[in-house]
Amino acid sequence: SNADESHREKSTKPMSPSRFSSLPKDIVWQVLARVPKRSYPLLACASKNFRLLVRSPEIHKIRSLLRKDSLYICFMDKTNRPQTPHWFTLRRAENNPLENEYVSVDLAFPDHDESNASIIAYGPEIFFICGAHVHSSNLWVFDSRSGQFRRGPSMNVTRMYKSVGLVGSKIYVVGGNMAGDIQAESFDLKTEAWEPAPSLEEEMTWLSAATVSLDRKVCALMLVGACAVCYDTRDGSCTEFKIKIEEWWKTGACVIDNVLYVYYGRPGLMWYDTKMRVWRVVTGLGDLKKVRSVGMVEYYGKLAVLWKEHSGGATKEIWCRMISLERSEDGISGTAEESSQLLGSVPRCFRLHRVLSVSD
């Protein structure tokens, strides 16, 4: 009957965001914790309530129990030329989801001509965009679930000394094309296709110590000069902002919830206020040990800070400490966990190169 058909139509309609978020929070958290983390930025745009839900500590606690996230940590062996990478993972232990386990990973990069590719993590996959010290257009993809590499589609042009950033569901590659015909291009992670990106308004050097994505821009923290050069993925315009004069490139840099954090040797952890265009110290971390050669990344909603300490002899220790961050009208404050965790030891010749957050 028409009444039955009407009932079926109503019952098959997808639940609206408002109806979903009106469910008991325990159920909402359990559901959202199983949604791929790469979808969280889209959910955060749906409503203020969704933004609060996907950023809540409860979500990350459940994801931790489910062992959804892990860190991939890359060291470079300085004694070899070219330097050779060595990979480790940090993930929740199977028998105790509140503890981390730190293990070596056999991640043998198949491109022997490229030892220092640009690296981007998206979901459970790690993308290696070649073209650092040699011209290349190669793309390789490592699946953390299977532990296997696969060859991805090649870029439209060969590049060298470029910057790479993740904006939304696209990987942007900027600069490094000597011919200059395609200055920037993007790789759509959904269609797995390369396409030209908006041309740069002016020619710039994109040789950088680190690259981050901020406000839909790819920002290269430059090796030369105390500045960050930013490429706007929407129109190709380029801007820059100042960074501190210290040897900042030996420290960590990462973006969490569209806020840029950089660890400096003297003042410690700082964040960049894009509205005020000034650097500000993250307060509340007076007891955080002043260290150098820091790696930083988001891990279960907290900032994971990794550093090295020489233990004497031929090895050095790798330590980690988790920091909770909270933003208010006064700025950003941090709360560090009571103790640091000794992850393990590596040969003294290993240099901390990159830390990536990988999630299901």
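Going by what an unreviewed UniProt entry lists, the protein chain is known as F-box domain-containing protein and is assigned to Brassica campestris.

The helix and strand tally for the protein chain stands at six helices and 25 strands. The C-alpha atoms of the protein chain give a radius of gyration of 22 Å, which matches the 21 Å a tight globule of 360 residues would have. Dimensions of the protein chain, computed from C-alpha atoms along their principal axes, come out at roughly 75 × 50 × 45 Å. Burial analysis of the protein chain (360 residues in total) assigns 48% to the buried set.

Let us now look at helix H6 (residues 57-65). Within H6 the residues assigned to the buried category are Ile59, His60, Ile62, Arg63 and Ser64. Just past H6, the residue arginine 67 takes up positive phi, approximately 55°.

Take a nonpolar patch on the surface next. On the surface, Leu23, Ile27 and Val31 cluster together to form a nonpolar patch covering roughly 220 Å² of accessible area. Residue placement: valine 31 occurs in helix H3 (residues 25-32). Taking relative accessible area as the criterion, valine 31 reaches 39% and is therefore assigned partly exposed.

With that out of the way, let us pick up the sheet that holds strand E2 (residues 84-92). The strand order E3-E2-E1-E25 describes an open sheet built from four strands, whose pairing is antiparallel. Looking at the sheet topology across the chains shown, the edges are occupied by strand E3 (100-105) and strand E25 (350-359). The sheet shows a mean angle of 25° between the axes of neighbouring strands, direction not considered. Bridging between strand E1 (residues 69-77) and E25 involves nine bridges; their strand directions are antiparallel. Across the sheet, cysteine 74 pairs through a bridge with arginine 354, a residue of E25.

A few words now on the confidence of the model for the protein chain. Mean pLDDT over the protein chain works out to 87, with 92% of the residues at or above the 70 mark. Note on residues 6-12: pLDDT is under 50 here. Beyond four places in sequence and across chains, it has zero contacts.

Because an α-helix completes one turn every 3.6 residues, residues spaced three or four positions apart along the sequence face the same direction. Residues of H3 that are buried: Val28, Trp29 and Leu32. The arc that holds every buried residue of H3, seen down its axis, measures 95°, which confines them to one face.

The next point concerns the pairing of strand E7 (residues 148-151). Bridge count for strand E6 (residues 139-143) against E7 is four bridges, and the pairing is antiparallel. Looking at E7, one finds that valine 141 is bridged to arginine 150. The turn joining E6 and E7, which pair antiparallel and follow one another in sequence, is formed by four residues; a positive phi near 75° is taken by glycine 147.

Take the state of the cysteines next. This structure, assessed with the given rule, holds one disulfide. For cysteine 219, the disulfide goes to cysteine 230, at an S-S distance of 2.4 Å. An S-S torsion of about 110° defines the bridge between cysteine 219 and cysteine 230 as right-handed. Here the residue cysteine 219 occupies a position in strand E13 (residues 217-222), and cysteine 230 occupies one in strand E14 (residues 227-232), the gap between them amounting to eleven residues. A single burial state applies to cysteine 219 and to cysteine 230, both of which are buried. Counting only cysteine sulfurs, cysteine 320 is the nearest neighbor of cysteine 254, a cysteine outside any disulfide, at a range of 12 Å.

What follows is about the sheet that holds strand E19 (residues 278-281). One open sheet accounts for four strands, arranged E16-E17-E18-E19; its pairing is antiparallel. Every other strand in the sheet has two partners, leaving strand E16 (253-256) and E19 as the edge strands with one partner each. Neighbour-to-neighbour, the strand axes of this sheet turn through a mean angle of 35°, independent of strand direction. Where strand E17 (residues 259-264) meets strand E18 (residues 268-273), five bridges bridge the pair, whose relative direction is antiparallel. Its bridge partner lying in E18, tyrosine 264 is registered against glycine 268.

A cluster of acidic side chains, namely Glu201, Glu202, Asp235 and Glu240, defines a negative patch on the protein surface. Tracing the backbone through its elements, the reader meets glutamate 201 in the loop between strand E11 (193-196) and strand E12 (208-214).

Below, the discussion takes up the packing of aromatic side chains. Enumeration according to the criterion identifies 17 aromatic pairs in this entry. Ring geometry for phenylalanine 109 versus phenylalanine 149: centroids 5.7 Å apart, planes at 65°, classification edge-to-face. Taken as a pair, phenylalanine 109 in the loop between E3 and strand E4 (118-122) and phenylalanine 149 in strand E7 lie far apart in primary sequence, 40 residues in all. For the pair phenylalanine 109 and phenylalanine 149, one class covers both residues: buried.

Viewed as axis vectors pointing N to C, H3 and H6 meet at an angle of 55°, and their least axial separation amounts to 9 Å. The orientation of H3 relative to H6 falls into the category oblique. Where H3 crosses over H6, the handedness of that crossing is right-handed. Every residue of H6 that contacts H3 at Trp29, Gln30 and Leu32 is listed here: Glu58, Ile59 and Ile62. Counted by class, the contact of H3 with H6 contains four nonpolar, one polar and one charged residues.

What counts and what doesn't
- Residues numbered from 1 in each chain as written.
- Predicted model: local features only at pLDDT ≥ 70, side-chain atom pairs only at ≥ 80, totals over all residues.
- Heavy atoms only, no water.
- Helix = DSSP H or I, 4+ residues; strand = E, 2+ residues; numbered from the N terminus.
- Rg over C-alpha atoms; globule rule 2.2 N^0.38 Å.
- Buried < 20%, exposed > 50% of the residue type's maximum accessible area, 1.4 Å probe, protein only.
- Patch = residues over 30% accessible without salt bridge, like charges linked within 9 Å, V, L, I, M, F, W, Y side chains within 5 Å.
- Areas by Shrake-Rupley, 256 points an atom, 1.4 Å probe, with all protein chains shown as cover.
- Salt bridge = Lys/Arg side-chain N within 4 Å of Asp/Glu carboxyl O.
- Pairing = 2+ DSSP bridges.
- Axes fitted to C-alpha atoms, helices over the stretch in contact; angles between N-to-C directions.
- pLDDT = per-residue confidence, 0-100.
- Contact = heavy atoms within 4.5 Å.
- Arc of directions from axis to C-beta.
- Disulfide = S-S within 2.5 Å.
- Lys, Arg positive; Asp, Glu negative; His and termini not counted.
- Charge placed at Lys NZ, Arg CZ, Asp CG, Glu CD.
- Phe/Tyr/Trp six-rings, centres within 6.5 Å; stacked < 30°, edge-to-face > 60°.
- Parallel < 35°, antiparallel > 145°, perpendicular 65-115°, else oblique.
- Left-handed = near helix turned anticlockwise from the far one by under 90°.
- Nonpolar A, V, L, I, M, F, W, Y, C, P; charged D, E, K, R; others polar.

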